[in-house]
Amino acid sequence: MSISLIILLSLGAFGGFTAGLLGVGGGMILVPFLTFIFAQQGMSGELVTHVAIATSMATIVFTSLSSVYAHQKKGAVRWDIVAAIVPGVLVGTVIGGKVFKWMPTGPLVLFFALFVGFSAWQMIANRKPKPSRKMPGKIGTAGAGGVIGFLSSLVGAGGGFLSVPFMSWCNVPMHNAVATSAALGFPIAVFASLNNIWNTYDMPGLPPHSLGYINLLALVCISVVSVLTAPLGAKLAHKLNVAQLKKTFGLVLFALAAYMLYQGIRLTL
């Protein structure tokens, strides 16, 4: 078994576990590592970040199903919020997919790093929302879904890096926010992946085993393992208290933001 294959399987295990634990779909965890692996394999610098992001997003199709099933057994998913956000998510992912195809690599990496860092700061700062604040009406919630879908399609994440802080800001309990974010990951991942395939399937210079920007070998290796470990993360999420969960979420995102910021600066200069 090659080193790359072992790393991909390990990534699947870790990504699935964090998806269940934090509701981030695993994408935030996978992108930096996939970028490194693909670069070490000699993939073109013009493609490597786009392929990493698109592949990461595709894995969330499978991970999110496993994660949300585990959360639903605890009755933690707010399906009313899911139904209100999804229409905006679908529009946002379609627009984001168009932008993603043409966005240069350096700015794309910097964009990824800044938004992950912002999300981390939001969680660690642990600002208490006003007790009277609640989820907005249907139009406002759908609008938030549009922003979440658009940004998620750019950075290869299931939306948890925005939807968890957003729901917490609206006084949705943290465990419900994580579980609901896991449910949102599925429609985001499906539509973003279909967009990636449609927009890039005929691009020249793509490496072997690719479907558009999606690397099929990495997708299979990661997904097979991640669906097994996502329920373990979800189980732990319901044992941790809210403060522990927020701190864990924020620290993981800060570490990844720092790495991608370094990569973005290196590619841009």
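Structural data are supplied above this passage.
Here is what the cut-offs are and how they apply
Residues numbered from 1 in each chain as written. Predicted model: local features only at pLDDT ≥ 70, side-chain atom pairs only at ≥ 80, totals over all residues. Heavy atoms only, no water. Helix = DSSP H or I, 4+ residues; strand = E, 2+ residues; numbered from the N terminus. Buried < 20%, exposed > 50% of the residue type's maximum accessible area, 1.4 Å probe, protein only. Contact = heavy atoms within 4.5 Å. Areas by Shrake-Rupley, 256 points an atom, 1.4 Å probe, with all protein chains shown as cover. Patch = residues over 30% accessible without salt bridge, like charges linked within 9 Å, V, L, I, M, F, W, Y side chains within 5 Å. Salt bridge = Lys/Arg side-chain N within 4 Å of Asp/Glu carboxyl O. Expected span 1.5 Å × (residues − 1). Bend = angle between axes of the 7 residues up to and from the residue. Axes fitted to C-alpha atoms, helices over the stretch in contact; angles between N-to-C directions. Parallel < 35°, antiparallel > 145°, perpendicular 65-115°, else oblique. Left-handed = near helix turned anticlockwise from the far one by under 90°. Nonpolar A, V, L, I, M, F, W, Y, C, P; charged D, E, K, R; others polar.

1. Considering the overall build of the protein
- Secondary structure summary: the protein contains 10 helices and 2 strands in total.
- Element order for the protein, N to C, with α for helix and β for strand: α-α-α-α-α-α-α-α-β-β-α-α.
- Each of the 269 residues in the protein was classed as buried or not, and the buried ones make up 54%.
- Within the protein, contacts between residues at least 6 apart in sequence are counted, and of these 81% link residues at least 24 apart.
- Here the protein displays about 11,600 Å² of accessible surface, and carbon together with sulfur accounts for 71% of that area.

2. Concerning a nonpolar patch on the surface
- The grouping of Phe118, Trp121, Ile124, Leu251 and Phe254 at the surface amounts to a nonpolar patch, some 460 Å² of accessible area in total.
- Sorting the residues of the nonpolar patch by element identifies helix H5 (105–125) and helix H10 (242–268) as the ones contributing at least two each.
- Broken down by element, the nonpolar patch gets its largest block of residues, 3 residues, from H5.
- Assignment of secondary structure puts Trp121 in helix H5.

3. Comments concerning the pattern of salt bridges
- In the structure shown here, the tally under the stated rule is 1 salt bridge.
- Measuring nitrogen to oxygen at the nearest pair gives 2.9 Å for the salt bridge that ties Asp80 to Arg78.
- Since its relative accessible area comes to 47%, Asp80 is described here as partly exposed.
- We classify Arg78 as partly exposed; its relative accessible area is 30%.

4. Here's the deal with helix H9 (residues 216–237)
- Between its first and last C-alpha, H9 extends 30 Å over 22 residues, near the 32 Å set by a 1.5 Å rise per residue.
- Along its length, H9 shows its largest kink, about 40 degrees, at Val227, and proline Pro231 lies within four residues downstream of that point.
- Looking only at H9, the buried set comprises Ala218, Leu219, Cys221, Ile222, Ser223, Val225, Ser226, Thr229, Ala230, Gly233, Ala234 and Ala237.

5. Digging into the packing of helix H3 (residues 48–73) against helix H8 (residues 174–200)
- Look at H3 against H8: their axes get within 7 Å of each other, and the N-to-C directions meet at 150 degrees. Of the possible angle classes, the one that applies to H3 and H8 is roughly antiparallel. Of the two possible hands of crossing, H3 and H8 adopt the one that is left-handed. Taken together, the residues of H8 that come into contact with H3 (itself represented by Ala54, Met57, Ala58, Ile60, Val61, Ser64, Leu65, Ser67, Val68 and His71) are Val178, Ala179, Ala182, Ala183, Gly185, Phe186, Ile188, Ala189, Val190, Ala192, Ser193 and Asn196.
- Among the residues making up the contact of H3 with H8, the classes are represented as 16 nonpolar, 6 polar and no charged.

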